[in-house]
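Overview (structure and organization)
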Amino acid sequence: MRYAMAIDTKKCVGCSDCVVACQTENNVPIGYCRDWIVEVTDGTYPQLEIEIRSERCNHCENAPCVRCCPTGASHYEDGGTVLVTHHKCIGCGACIASCPYDARYSHPDGYVDKCTFCLDNRVKKGEDPACVSVCPTKCMYFGDLDDPNSDVSRVLKMRKWKTLIPEAGTKPHVYYLI
Amino acid sequence: MANRREFIKISSIGAGGLALAANTFSWSKGMSFADDLLSPDKKGALRTPTYCELCFWKCAGWVYKDERGEIKKITGNDDDPHCNGRFCPRGTGGVGMYHDKDRLKKPLIRAEERGKQIFREASWDEALDYIAEKLGKIAREHGPECVALFTHGSGGKFFGDLMKAYGSTNIAAPSFAQCRGPREVGFLATFGELVLSPERTDIRDTKCLVLIGSHLGENMHNGQVQEMSDAIDKGATIITVDPRFSIAASKSKYWMPIKPATDLALLLTWINLIIENEWYDKDYVEKYTYGFDVLKERVKPYTPQWAYGITGLKPEMIYDTAKAMHDASPAVIVHPGRHVTWYGDDTQRSRAVAILNALLGSWGRRGGFYYPEKASLPDYPHPPYPKPKRTWRDAFPGKFNLANEVLSTGICDASIPNTARDCTFKAWLVYGTNLIKTLPERKKTLEAIQNLELLVAIDTMPMEITGYADVILPECTYLERYDMLRTNPHREPNIALRMPAAKPKYDTKPAWWMAKKLADKMGLGDYFAWNDIEELLDWQLKKIGSSLDEMKRIGVKKFPRQYDDLYFWPDQDFIFNTNSGKIELYSTDLEKEGFDPIPKYTPHPEPPEGYYRLIYGRAPMHTFSRTINNPNLVDLMDENTVWVNPKVAKIWYLENGQEVYLQNQDGVISKFPIKVRVTERIRWDSVYMVHGFGHSNKKLSRAYGKGGSDSELISKVMLDPVMGGTGMRGNFVTFLTEKPVEEEVAS
Ligand code: SF4
Ligand code: SF4
Ligand code: SF4
């Protein structure tokens, strides 16, 4: 089982619902976030293009954050999700420095936090992650890459996609449909 | 002369204002917040039904609480046609409204202390007695018609009923004259039907969606944004006309970067092309429309070459887009927009939109406009309302006859004493609308306010308008109260329940309670004959085969349609609700009132040298100024910026993030500085900002002074002579890079 997410940049409107839904679902304190929106504008008026991405931890298959964690708090879990065990984390911040995507933040309670794909609180109960379930444009797909019939496998087969900073060699599990 | 009604900062009240006053709250019998009211979801979590109050879309959803009984999250109800189980960011962040510590907490009455005006705390009884007594006096001395209600939001219904019982029908929703009025009047004149809310646009099945200045996606009208996304999935052609490269424009096959204020030229040219090339639906036009031949004649001069000179849009693009509409017809929507009060000829522009749809045969067709239906609920029995001797219309003899709703700005104008005018308003009740930001021409609003004998503000938050009130009634948030059932029209008639998920915080009350109590005090109790709202709702629900208990479990209930289909059939006989019984390409209503029966293009003023047209719009995470202090939403966006094209930035030496003040054509200078965003996404002749920021009430700890206010710079209004809409896109601003010398600024 390999959990992955695909996000359609052609449909995302950058509304940030995924951000606030994650905050209320996962008790992310106000002022912090596990997912965020990036808007890139290209060209000059009137020849313009915008790409909008809802970004988060890529749950990398080859995760530098896991490799560099001195306590083993950062680790792989079911379906290849990368998680942080809060009570094991000493807040040293090595993982924050090693992540090419700036996906982690220091929680005010003294540990490092980031996107969990809502593994324990939702996915294991058969629900989609909070961001996926709330997105008004239904532009996010979640599922198992090993299951050819999952939403995510199907949409990746049908559409052109990319991952972020592939040259970092991290093998991200978050895909952007372009 | 000192202002009779000074703006008072609520921060001047003592710490006592923060105290919980639960003891003064008498929650009626039978209302409990115990979890037995909650219904479990599929996973067994407990939840309470509501419909969202963060905007007018009113999505129905579920409120979940955490182990401590605190409201934790809100999600959409899967059965709700407004949201299909998915809230927008504001709805999801609605919890912030409940948790906001800056909320209004106790009734406040304006008083004078050592020559200084202050708000003093009052009990509910005292505050309501004060209002009842003043309203009684005004009724005796001037007549109840001299009282007006401004309302935006669900609880306004109860104050509306109170007004009608008292003897006034002057109930104004600023969303008419300041927003959607022209499109309703334009469509009514054409099809004999309103566009309604949610709009009857069949976006999910459309093949071509034409947006004129309407920025769906940034404008987070949930159901429409969802359907636009479905349409993108199905490969629909989107055409966006906007001087700004909006998010919708970025999703479009055709973005038409039009010169602002020339939209009508484009629309008339499209109409001409569609007629010239015989791209209209001949059978439909023949069978259902009136005035085609005159229309054909009148639009002849509007050629793509002519339009190029006016709009700056290439003739080929105008041609190609007209063809694309034809190719998709009848599954095409030329969207009526929502905020359409721009240039004063807005009813005529909306008429052109309606005519275009009629020619393409999209009205009453799948993928065009459907026929919505509404669940009808019986009214709780009450004595007949008195017939008022006058209404706001008497202040404007012979004018605005086609306005099908009350004009908020009309009431504002008629509140300023004027020998030429009857019916000078003496009191305003203001429910849930920050008139200071909502109405254009702030000077006029403030002058009107100075002339009132009573101004009551009912709100959840201290707003700019609450600072001018004589009495402030703090309402509890939608998460802490019942309201009337939601019955907006949709594809399937449906109702939704809002019930409290938590007890009201502080000493706040729901609108139904306030209005009923006030009615009792004014001797109008018979009009509110129910004991409490649960009884009222249960009575209504039982009449239509449901019950309050059932609704508490399901939140949303759908009913079968009573009338025909969503669309009418190709050959179906159909009588439209217009004078001719047909779709009026030539409007007999407008002709009768002395206006052009067929829209005409007239040029609008352009910015003088060194000035730029002020365009404003929406961001998906805020609703005007009302969400601007919500901690969760402020976290997503805490200030707006002024968008400036790089060419313009170069002339003014402006850099990204630099703070500037804006000054408009009338010399009005923005109160707060605003940061510059240098971006290619805006035309060089315009600047853009998101509406609602630049709040001047210090009590809003997160919003005060953040960003700039477009509304304070809208001192010029282009009045729509047809229906009194206030065109607000004719204001021009320039940059002040230094802080202007502080003059005496009236807040
Ligand atoms: S909720 Fe969906 S549409 Fe909105 S920003 Fe997130 S991914 Fe994009
Ligand atoms: S995105 Fe960053 S935090 Fe997430 S797995 Fe990859 S390296 Fe680690
Ligand atoms: S569109 Fe958003 S703010 Fe408006 S009612 Fe729906 S969820 Fe609430």
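Residues numbered from 1 in each chain as written. Chains lettered and ligands numbered in written order. Predicted model: local features only at pLDDT ≥ 70, side-chain atom pairs only at ≥ 80, totals over all residues. Heavy atoms only, no water.

Here we look at the overall build of chain B
- Within chain B, the secondary structure is distributed over 22 helices and 27 strands.
- Relative to the globule expectation of 27 Å for 747 residues, the C-alpha radius of gyration of chain B, 26 Å, shows essentially globular dimensions.
- Across its three principal axes, chain B shows a C-alpha extent of roughly 75 × 65 × 55 Å.
- Within chain B, buried positions represent 65% of all 747 residues.
- A fraction of 75% describes how many contacts in chain B between residues 6 or more apart in sequence connect residues 24 or more apart.
- For chain B, the accessible area works out to roughly 26700 Å², and carbon and sulfur atoms hold 50% of it.
- Side-chain charges in chain B split into 98 positive and 97 negative, and the spacing between the mean points of these groups amounts to 2 Å. (Helix = DSSP H or I, 4+ residues; strand = E, 2+ residues; numbered from the N terminus. Rg over C-alpha atoms; globule rule 2.2 N^0.38 Å. Buried < 20%, exposed > 50% of the residue type's maximum accessible area, 1.4 Å probe, protein only. Contact = heavy atoms within 4.5 Å. Areas by Shrake-Rupley, 256 points an atom, 1.4 Å probe, with all protein chains shown as cover. Lys, Arg positive; Asp, Glu negative; His and termini not counted. Charge placed at Lys NZ, Arg CZ, Asp CG, Glu CD.)

Brief notes about the overall build of chain A
- When you go through chain A residue by residue, the secondary structure sums to five helices and 10 strands.
- Its C-alpha radius of gyration of 16 Å places chain A within 12% of the 16 Å reference for a compact globule of 178 residues.
- Projected onto its principal axes, the C-alpha coordinates of chain A cover approximately 50 × 40 × 35 Å.
- Relative to its full complement of 178 residues, chain A shows a buried share of 57%.
- A sequence separation of at least 24 residues applies to 56% of the contacts in chain A between residues at least 6 apart.
- The distance from the centre of the 20 positive side-chain charges to the centre of the 23 negative ones in chain A is 3 Å.

Brief notes about the packing of helix α3 (residues 124-141) of chain B against helix α17 (residues 511-521) of chain B
Residue and element names in this part refer to chain B.
- Closest axis-to-axis distance for the α3/α17 pair is 9 Å, and the angle between their directions is 60°. With respect to each other, α3 and α17 are oriented oblique. The way α3 lies across α17 gives a crossing that is right-handed. In this structure, α3 uses Trp124, Asp125, Leu128, Asp129, Ile131 and Ala132 to contact α17, whose residues at the interface are Trp513, Met514, Lys517, Leu518 and Lys521. (Axes fitted to C-alpha atoms, helices over the stretch in contact; angles between N-to-C directions. Parallel < 35°, antiparallel > 145°, perpendicular 65-115°, else oblique. Left-handed = near helix turned anticlockwise from the far one by under 90°.)

A look at helix α13 (residues 346-359) of chain B
Residues and elements named next belong to chain B.
- When the terminal C-alpha atoms of α13 are compared, their 20 Å separation across 14 residues agrees well with the 20 Å that a helix rising 1.5 Å per residue should span.
- Of all 14 residues that make up α13, 14 are buried, and the element is covered over most of its length.
- Trailing α13 by a residue or two, Gly361 shows a phi angle of about 65°, which is positive. (Expected span 1.5 Å × (residues − 1).)

Comments concerning the site of ligand 2
- Taken together, the neighbourhood of ligand 2 is formed by 13 residues, with Cys57(A), Cys60(A), Cys65(A), Cys99(A) and Arg104(A) sitting nearest.
- When grouped by side-chain class, the residues that make up the shell around ligand 2 number nine nonpolar, two polar and two charged. (Near = heavy atom within 4 Å. Nonpolar A, V, L, I, M, F, W, Y, C, P; charged D, E, K, R; others polar.)

Description of the packing of aromatic side chains
Residues and elements named next belong to chain B.
- Summed over all chains, the structure comprises 42 aromatic pairs over all chains.
- Their ring planes at 75° and their centres at 6.0 Å tell us that Trp342 and Tyr343 sit as a pair that is edge-to-face. As far as burial versus exposure is concerned, Trp342 and Tyr343 are alike and both buried.
- Through a chain of ring-to-ring contacts, three or more aromatic side chains come together here, namely Phe187, Phe191, Tyr284, Tyr288, Trp363, Phe369, Tyr371, Phe568, Phe574 and Phe576.
- Above the plane of the ring of Tyr371 lies Arg200, whose end atom (NZ or CZ) is 4.9 Å from the centre. (Phe/Tyr/Trp six-rings, centres within 6.5 Å; stacked < 30°, edge-to-face > 60°. Lys NZ or Arg CZ within 6 Å of the ring centre and 35° of its normal.)

Quick word on the pattern of salt bridges
- Tallied over the entire structure, the rule returns 65 salt bridges over all chains.
- A salt bridge links Lys282(B) to Glu278(B); the nearest nitrogen and oxygen atoms lie 3.6 Å apart.
- Asp483(B) is the partner of Arg498(B) in a salt bridge, and the nearest nitrogen-oxygen pair spans 2.6 Å. In this pair, Arg498(B) sits in the loop between β17 (494-496) and α17 while Asp483(B) sits in the loop between β16 (471-474) and β17, placing the two residues 15 residues apart along the sequence.
- The exposure class of Arg498(B) is buried, given its relative accessible area of 0%.
- Note on Asp483(B): relative accessible area 1%, which makes it buried.
- Salt bridges sharing partners connect three or more residues here, namely Glu39(A), Glu218(B), Arg244(B), Arg677(B) and Arg681(B). (Salt bridge = Lys/Arg side-chain N within 4 Å of Asp/Glu carboxyl O.)

A few points about the packing of helix α8 (residues 263-276) of chain B against helix α12 (residues 315-328) of chain B
Residue and element names in this part refer to chain B.
- Interhelical geometry of α8 versus α12 gives an angle of 65° and a closest axis separation of 10 Å. When the axes of α8 and α12 are compared, the crossing they make is right-handed. Of the residues in α12, those in contact with Leu266, Thr269, Trp270, Leu273 and Ile274 of α8 are Ile318, Tyr319, Thr321, Ala322 and Met325.
- Per-class residue counts for the contact of α8 with α12 are eight nonpolar, two polar and no charged.

Some thoughts on the pairing of strand β7 (residues 147-151) of chain B
All names here are of chain B.
- With five of its five residues buried, β7 lies for the most part within the structure.
- Burial of β7 is two-sided: the residues Val147, Leu149 and Thr151 facing one way and the residues Ala148 and Phe150 facing the other way are all buried.
- Pairing analysis gives five bridges linking β7 to strand β14 (residues 427-431), with the strands arranged parallel. When the sheet's bridge partners are listed, Leu149 is paired in β14 with Leu429.
- Bridge count for β7 against strand β8 (residues 171-172) is two bridges, and the pairing is parallel. Looking across to β8, one finds that Leu149 is bridged to Ile171.
- You can see the chain leave β7, run along helix α4 (residues 156-166) and come back into β8, and the turn it takes is right-handed. (Pairing = 2+ DSSP bridges. Right-handed = clockwise from strand over helix to strand, strands pointing away.)

Quick word on the pairing of strand β24 (residues 686-690) of chain B
- Buried residues dominate β24(B), accounting for five of its five residues.
- On β24(B), burial covers both faces: Ser686(B), Tyr688(B) and Val690(B) on one face and Val687(B) and Met689(B) on the other are all buried.

A word on the sheet that holds strand β1 (residues 3-8) of chain A
All names here are of chain A.
- The strand order across the open sheet built from four strands is β8-β1-β10-β9, with neighbouring strands paired in mixed fashion. Only two strands of the sheet have a single neighbouring strand rather than two, namely β8 (140-144) and β9 (161-162).
- With two bridges connecting them, β9 and strand β10 (residues 174-177) associate as antiparallel partners. Across the sheet, residue Trp161 finds its bridge partner in β10, namely Leu177.

A closer look at the domain arrangement of chain B
- When cut into domains, chain B gives domain 1 (1-26 + 101-166 + 420-475 + 510-529), domain 2 (31-92 + 477-504 + 532-563), domain 3 (198-372) and domain 4 (612-744).
- One C-alpha centre belongs to domain 1 of chain B, the other to domain 3 of chain B, and the line joining them spans 43 Å. (Domains from an automatic or database assignment.)

Details of the interface of chain A and chain B
- Each partner contributes residues to the interface: chain A has 40 residues there, and chain B has 41 residues.
- The junction of chain A with chain B conceals about 3200 Å² of combined surface from both sides, 57% of it contributed by carbon and sulfur atoms.
- When residues of chain A are sorted by the area they lose upon contact with chain B, Val13(A), Thr24(A) and Tyr45(A) head the list and together hold 22% of the total.
- Taken together, the links from chain A to chain B amount to five salt bridges.
- Two residues, Arg677(B) and Glu39(A), come together in a salt bridge whose shortest N-O distance is 3.1 Å.
- Taken together, the connections running from chain A to chain B amount to 19 residue pairs in polar contact (both at pLDDT 80 or more).
- Looking at the side of chain A that touches chain B, the elements that each hand over two or more residues are α1 (17-25), β2 (36-44), β3 (47-55) and α4 (130-134) of chain A.
- The biggest single contributor to the side of chain A that touches chain B is α1(A), with seven residues. (Buried area = accessible area lost by both parts, 1.4 Å probe. Polar contact = N/O pair within 3.5 Å; in protein donor to acceptor, adjacent residues only side chain to side chain.)

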